[in-house]
Amino acid sequence: MAGMVEPRWHDVARATGLLAPDGTVAATIFAEMTALAGRTGAANLGQGFPDVDGPDFLKEAAVAAIRDEPNQYAPGSGVPALRRAVAAHQQRHYGLQADPDTEVLVTVGATEGIAASIMAFAGPGDEVLTLEPFYDSYAAIIALTGATHRTVPMRPAAGGFRIDPDDVAAAFTDRTRVLLVNSPHNPTGTVLSREELTALAEQATANDVVVVTDEVYEHLTYGAEHIPIATLPGMAERTLTISSAGKTLSFTGWKVGWVHGPAELVTGVRTVKQFLTYVASGPFQHAVAKGLDDDGRTASYVSGLRDSLWQRRDFLVGALEEAGFAPLAPQGTYFVAADAAGLGHDDAATLCRELPELAGVVGVPISAFCTPGGAVAESLRSWVRFTFVKSPEVLERAVEGLQRLRT
Ligand SMILES: *Cc1c(COP(=O)(O)O)cnc(C)c1O
């Protein structure tokens, strides 16, 4: 390997904190913590996926689609029924207009939609702006494009992690090409307020950037209103709104996502996407189309899921407080961020390796969602992310374990 030009994937490994000085690549903290949970039998509140599947009628719809529909490549933009269902969903929930033929693109989960959007609009010399902490795929994909990743810090306050308009204004430069927003926000559970979104939108307009918004938790909010940034004045024409069936319908394994935006922008994303995967998940696309159609069953499934997650949130937040953590009750998502400083732990990464032993619980340090070694990682060094999208039995077990921390 000596003398070899450094391969591009090193940038991805470095941006995600996985590249060791000797060139070896570490497992992600999620893999490490999940393995630890497996070895110790601890309740895994590290990895955020549901341990109960979505509704049976949608499983049946997927089986029926395999049986009755062609099992060949779906149309590159996605099956028409799903594109129509996405357009109807955007109209019904948010009053956003979408032409299913030119303004909706089906992707391999939200992840591919985000990747193709960043690749379509950013490259070497450009800057992509995200909130920090951020969902882990963002830094990786920005690094892959060769663009520079800049961030707006989120700071813990009484009402949750918030952003400051002055930080927003300071983060934009004349090289900013894409603003990547995420609300409801993973890992903090923040639902951005209209004021915060307005601060982002004003700068996006003033600097003429494309806005990409990851709204996969759009329906999983607890008393806060989810406002798509595309609904703000002047924003629809510069915004690519991304969501998926994974979180809303509890089918993360189906990997059916979508992008909605003006035809010119969607054309750019489609141009990239068609050469990444072309198209995937044909039969699941048909099932998700049924799921998005407002036939009452889906609406009642989603509102039941939201209410149940809300209760699970309250249960876990209460237990974390009793155990001596300082959690900030999330307004949305599967996750709660909790400060361990009051427990005498100022390094959450170390604490997370000890928690299975101490409390029979696995969490993930918030620093795993930050630029490695950066100022935000340092400021949130004592914070842990826990998920509550687990069965009541798993949560009970976790909460019993957490009580041991007190004694
Ligand atoms: C889970 C998640 C995704 C991935 O969505 P897929 O549809 O599974 O690709 C994207 N963004 C955030 C914030 C997530 O939590």
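Residues numbered from 1 in each chain as written. Predicted model: local features only at pLDDT ≥ 70, side-chain atom pairs only at ≥ 80, totals over all residues. Heavy atoms only, no water.

1. A word on the overall build of the chain
When you go through the chain residue by residue, the secondary structure sums to 15 helices and 15 strands. Taken against the 2.2 N^0.38 rule, which gives 22 Å for 407 residues, the C-alpha radius of gyration of the chain at 21 Å falls within 12% of a compact globule. Dimensions along the principal axes, computed over C-alpha positions, put the chain at roughly 60 × 50 × 50 Å. Looking at the chain residue by residue over its 407 residues, the buried ones come to 54%. Long-range contacts, defined as pairs at least 24 residues apart, comprise 74% of the intrachain contacts of the chain with a sequence gap of at least 6. Counting every atom, the chain has about 16,600 Å² of accessible surface; 53% of that belongs to carbon and sulfur. When the 31 basic and 48 acidic side-chain charges of the chain are each reduced to a single mean position, those positions are 3 Å apart. (Helix = DSSP H or I, 4+ residues; strand = E, 2+ residues; numbered from the N terminus. Rg over C-alpha atoms; globule rule 2.2 N^0.38 Å. Buried < 20%, exposed > 50% of the residue type's maximum accessible area, 1.4 Å probe, protein only. Contact = heavy atoms within 4.5 Å. Areas by Shrake-Rupley, 256 points an atom, 1.4 Å probe, with all protein chains shown as cover. Lys, Arg positive; Asp, Glu negative; His and termini not counted. Charge placed at Lys NZ, Arg CZ, Asp CG, Glu CD.)

2. Some words on helix H11 (residues 282–292)
For an α-helix, the turn length of 3.6 residues means that residues three or four places apart are oriented alike. Most of H11 is tucked away: 8 of the 11 residues are buried. Every buried residue of H11 is listed here: Gly282, Pro283, Gln285, Ala287, Val288, Ala289, Gly291 and Leu292.

3. Side note on the packing of aromatic side chains
Per the counting criterion, the structure on display carries 12 aromatic pairs. On the basis of an interplanar angle of 25 degrees and a centroid distance of 4.8 Å, the ring pair of Trp254 and Phe284 is categorised as stacked. Taken together, the residues Trp254 in the loop between helix H9 (245–249) and strand S10 (256–260) and Phe284 in helix H11 connect sequence positions 30 residues apart. On the basis of relative accessibility, which here comes to 11%, the residue Trp254 falls in the buried class. The side chain of Arg297 reaches across the aromatic face of Phe57, ending 4.0 Å from its centre. The positively charged end of Arg385 is found above the aromatic ring belonging to Phe335, 3.6 Å away from the centroid. (Phe/Tyr/Trp six-rings, centres within 6.5 Å; stacked < 30°, edge-to-face > 60°. Lys NZ or Arg CZ within 6 Å of the ring centre and 35° of its normal.)

4. Side note on the side chain of Lys390
Inspection of the secondary structure assignment puts Lys390 in the loop between strand S15 (383–387) and helix H15 (392–406). The side chain of Lys390 is buried and forms no salt bridge, while Asp51, the nearest opposite charge, is found at 5.0 Å. Here Gln47 takes part through its backbone oxygen, which lies 3.5 Å from a polar atom of the side chain of Lys390. If sequence neighbours within four positions are ignored, Lys390 has contacts with Asn44, Leu45, Gln47, Phe49, Asp51, Arg312 and Leu395. (Salt bridge = Lys/Arg side-chain N within 4 Å of Asp/Glu carboxyl O. Polar contact = N/O pair within 3.5 Å; in protein donor to acceptor, adjacent residues only side chain to side chain.)

5. A look at the site of the ligand
Around the ligand, the surrounding shell consists of Gly109, Ala110, Thr111, Tyr135, Asn182, Asn186, Asp214, Val216, Tyr217, Ser244, Lys247 and Lys255. Between the ligand and Asp214, the relevant distance is 2.6 Å, taken from a nitrogen atom to a side-chain nitrogen or oxygen of the residue. Here the ligand, which alone exposes 390 Å², has 94% of that area covered by the protein. The element contributing the most residues to the shell around the ligand is helix H5 (residues 109–121), with 3 residues. (Near = heavy atom within 4 Å.)

6. Quick word on the sheet that holds S15
Read across the sheet, 4 strands follow the order S11-S12-S15-S14 without closing on themselves; strand pairing throughout is antiparallel. The two strands at the open ends of the sheet, each matched to only one other strand, are strand S11 (326–328) and strand S14 (364–365). Two strands pair when backbone bridges link them, and S14 and S15 are joined in this way by 2 bridges, in the antiparallel orientation. Across the sheet, residue Pro365 finds its bridge partner in S15, namely Val384. Along the sheet, helix H12 (residues 297–323) makes contact with S11, strand S12 (335–339) and S15, crossing S12 at roughly 10 degrees. (Pairing = 2+ DSSP bridges. Axes fitted to C-alpha atoms, helices over the stretch in contact; angles between N-to-C directions.)

7. Things to note about unusual backbone geometry
The omega angle of the peptide bond from Ser183 to Pro184 is -10 degrees, so this bond is cis rather than trans. By secondary structure assignment, the location of Pro184 is in the loop between strand S7 (176–182) and helix H8 (194–206). A cis amide bond, omega 20 degrees, links Asn186 with the succeeding residue Pro187. Within the secondary structure, Pro187 is located in the loop between S7 and H8.

8. Quick look at the UniProt feature "domain: Aminotransferase class I/classII large" (unreviewed entry) in the chain
The positions that UniProt labels "domain: Aminotransferase class I/classII large" (unreviewed entry) are, in the present scheme, residues 44–401. End C-alpha atoms of residues 44–401 are separated by 12 Å, and the span's content is 43% helix alongside 18% strand. (UniProt positions renumbered as here; feature names shortened; annotations may be inferred.)

9. Observations concerning the pairing of S7
When a strand is regular, its side chains alternate between the sheet's two faces. Burial runs high along S7: 6 of the 7 residues are buried. Of the pairings in the sheet, the one linking strand S3 (residues 127–132) to S7 comprises 4 bridges and is parallel in character. In the sheet register, Thr130 faces S7, and the bridge partner there is Leu180. The parallel pair S7 and strand S8 (residues 210–214), bridged by H8, forms a crossover whose chirality is right-handed. (Right-handed = clockwise from strand over helix to strand, strands pointing away.)

10. Here we look at helix H2 (residues 29–40)
The end-to-end C-alpha distance of H2, which contains 12 residues, comes to 16 Å, matching closely the 16 Å that a straight helix rising 1.5 Å per residue would cover. Of all the positions in H2, only Ile29, Phe30, Met33, Leu36 and Ala37 are classed as buried. Along the axis of H2, the buried positions cluster into a sector of 125 degrees, meaning they face one direction only. Exposed side chains of H2 directed beyond 90 degrees from the buried face belong to Gly38 and Arg39. Next to the buried residues of H2 lie strand S1 (43–44), helix H6 (136–145), helix H13 (348–359), strand S13 (361–362), S14 and S15. (Expected span 1.5 Å × (residues − 1). Arc of directions from axis to C-beta.)

11. Quick word on the side chain of Ser244
In this fold, Ser244 is placed in strand S9 (residues 239–244). Here Gly246 takes part through its backbone nitrogen, which lies 3.2 Å from a polar atom of the side chain of Ser244. Ignoring sequence-local partners within four residues, the contact set of Ser244 consists of Gly109, Ala110, Val216, Val256, Gly257 and Trp258.

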